[in-house]
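Now for the letters of each chain:
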Amino acid sequence: IDIVNQVPLETYLPGVLDKELYAKWHPEMFRSQAVAARSYAIDRQARNQDQHFDLESTTKSQVYGGTTTNAKAINAVADTRGVVLAYQNWVLPAYYSSACGGLGQDAAGAFPGEVLLPPLQGFKHGACCAASKYYQWGPIARNHQTLTKRLAQWGGHQKPTHPVTFLSQIQSIAITQRNQVGRPTQWTITDNRNRRFTLPAESFRFACNYE
């Protein structure tokens with residue numbers, strides 16, 4: 001069963017804010033989020049014109065919980081009605097995350113195919129999200145053999161197959177590219193046959209956690 005909820009944009013947005021924000025947060029936070037969520041939704045709608053839906057209801061797009069009675073969410077959407085984030089006359093895909101670890105990622109680095117635009121570049125955010133349990137994830141220890149298997153398995157399930165599928169025993173892993181604020185954007189894995197495999201940071205993150 002494929003269920004699609006057809007709902008006007010301004011009716012949809014309170015259901016996003018209710019799930020994306022904590023109820024105790026300041027009304028201005030809700031207003032800011034309303035502008036970001038509206039901008040993101042409009043961008044997704046434009047990109048998904050060949051689909052029978054505009055957005056997912058989960059973190060694949062932005063979380064949506066349906067109708068809400070949350071007054072802060074409803075009022076924030078009403079107060080900002082029609083307001084979007086734009087750059088050079090284009091509505092921006094206003095990406096946001098719950099935590100950045102202090103150094104923001106470029107949208108183009110996180111999402112393949114995204115255009116590198118100045119407003120969507122990573123910034124130094126300091127400890128503004130340090131209260132989040134996701135601010136720091138590690139250190140996480142994995143042995144060479146386990147990590148080699150994870151990377152190879154991830155590569156074999158990509159379309160097309162990624163060269164890292166043929167990774168032998170890992171010899172070393174190095175950061176080989178960073179964005180303008182120092183966040184890693186590319187990693188290079190060298191195996192015991194002296195072969196090098198390069199992965200974007202986000203792909204490397206998913207590969208390291210592949211089952």
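Further up the page is the structure itself.
Thresholds applied
- Per chain, residues are indexed from 1 in the order of the written sequence.
- Predicted model: local features are reported for residues with pLDDT of at least 70 only, side-chain atom pairs are reported and counted for 80 or more only, and whole-chain, interface and lining totals are derived from all residues.
- Values shown for side chains rest on all heavy atoms present in the structure; no hydrogens or waters enter the calculation.
- The cut-offs for exposure are 20% and 50% of the maximum accessible area for each residue type, with area from a 1.4 Å probe on protein chains only; residues under the lower value are buried, those over the upper are exposed, and the others partly exposed.
- Going along the chain from the N terminus, every DSSP run of H or I of four or more residues is numbered as a helix, and every run of E of two or more is numbered as a strand.
- Two residues qualify as a contact provided that any one of their heavy atoms is within 4.5 Å of a heavy atom in the partner residue.
- Only one rule defines a salt bridge in this text: a Lys or Arg side-chain nitrogen within 4 Å of an Asp or Glu carboxyl oxygen.
- Grid spacing is 1 Å over the protein atoms alone, the probe is 1.4 Å, and a cavity is where that probe fits but cannot get out, while a pocket is an open set with protein on both sides within 12 Å along at least five of seven lines and lining residues have an atom within 4 Å of a point.
- Grid points are joined across faces, edges and corners, and a volume is the space filled by probe spheres set on the points.
- The directions from the helix axis to the C-beta atoms form the arc being described.
- Whenever two N or O atoms come within 3.5 Å, that pair is a polar contact, provided that in protein one can donate a hydrogen and the other can accept it, and provided that, for residues adjacent in sequence, both atoms are side-chain atoms.
- Pairing between two strands is assigned when DSSP locates at least 2 bridges connecting them.

Chemist: It is not clear to me how helix 6 (residues 201–208) should be interpreted in this structure. Could you clarify?
Modeler: Owing to its 3.6 residues per turn, the α-helix aligns residues three or four sequence positions apart on the same side. Most of helix 6 sits out of view: 6 of its 8 residues are buried. When we look at burial in helix 6, the residues that qualify are A201, E202, S203, F204, A207 and C208. Lining the buried residues of helix 6 we find helix 4 (107–110), helix 5 (144–156), strand 3 (170–178), strand 4 (184–191) and strand 5 (196–200).

Chemist: So what exactly am I meant to see when it comes to the pattern of salt bridges here?
Modeler: Charged atoms that come close allow side chains of opposite charge to pair. Under the defined criterion, the tally for this structure stands at 8 salt bridges. Residue E10 is joined to R38 by a salt bridge in which the shortest nitrogen-to-oxygen separation is 2.9 Å. On the criterion of sequence distance, the pair formed by E10 in helix 1 (residues 9–20) and R38 in helix 2 (residues 27–47) is long-range, its members being 28 residues apart. We note that E10, like R38, is buried. Among the ionic pairs, R44 bridges to D43, the shortest N-O distance being 3.1 Å. In this structure, R44 and D43 share a single accessibility class: buried. What emerges from the salt-bridge pattern is a single network uniting D43, R44, R47 and E114.

Chemist: Explain the layout of surface pockets here, please?
Modeler: In this approach a probe as big as a water molecule rolls over the atoms, and the regions it shows empty are the leftover space. If you add up the space inside the second largest pocket, you get close to 470 Å³. Every residue lining the second largest pocket is counted, 22 residues in all, and those nearest its centre are V4, N5, F53, D54 and L55. Broken down by secondary-structure element, the contributors of at least two residues to the lining of the second largest pocket are helix 1 and helix 2. In terms of residue count, the dominant contributor to the lining of the second largest pocket is helix 2 (3 residues).

Chemist: Even after reading the chapter, I still don't get helix 3 (residues 71–79), so can you show me in this structure?
Modeler: Along helix 3, the positions that sit buried rather than exposed are A73, A76 and V77. Taken around the axis of helix 3, the buried residues stretch over an arc of 95°, which confines them to a single face. Where helix 3 is buried, its residues touch helix 1 and helix 2. The N-terminus of helix 3 is capped by N70, whose side-chain oxygen sits 3.0 Å from the backbone nitrogen of K72.

Chemist: Is there a simple way to explain unusual backbone geometry in this structure?
Modeler: Leaving glycine aside, a negative phi is the common case for residues, and trans is the common case for peptide bonds. Of note, the bond from K159 into P160 is cis; its omega dihedral lies within 30 degrees of zero at 0°. Along the chain, P160 falls in the loop between helix 5 and strand 3. A positive phi angle, close to 50°, is found at Q88, a residue other than glycine. By the secondary structure assignment, Q88 is in the loop between strand 1 (86–87) and strand 2 (90–91).

Chemist: Is there a simple way to explain the side chain of S61 in this structure?
Modeler: Locating S61 in the fold gives a position in the loop between helix 2 and helix 3. Given a relative accessible area of 16%, S61 falls into the buried group. A distance of 2.9 Å separates a polar atom in the side chain of S61 from the backbone nitrogen of E56. With residues up to four places along the chain from it excluded, the contact list for S61 reads Y40, L55 and E56.

Chemist: Would you take a moment to explain the pairing of strand 3 for this structure?
Modeler: Each regular strand shows side chains that alternate between the opposite faces of the sheet. Bridge analysis of strand 3 against strand 4 gives 7 bridges, and the strand direction is antiparallel. When the bridges of strand 4 are listed, I175 appears paired with W187. Taken together, strand 3 and the strand that follows it, strand 4, pair antiparallel across an intervening segment of 5 residues, in which G182 is found at a positive phi of about 95°.

These values are about where atoms sit, not about what they do.
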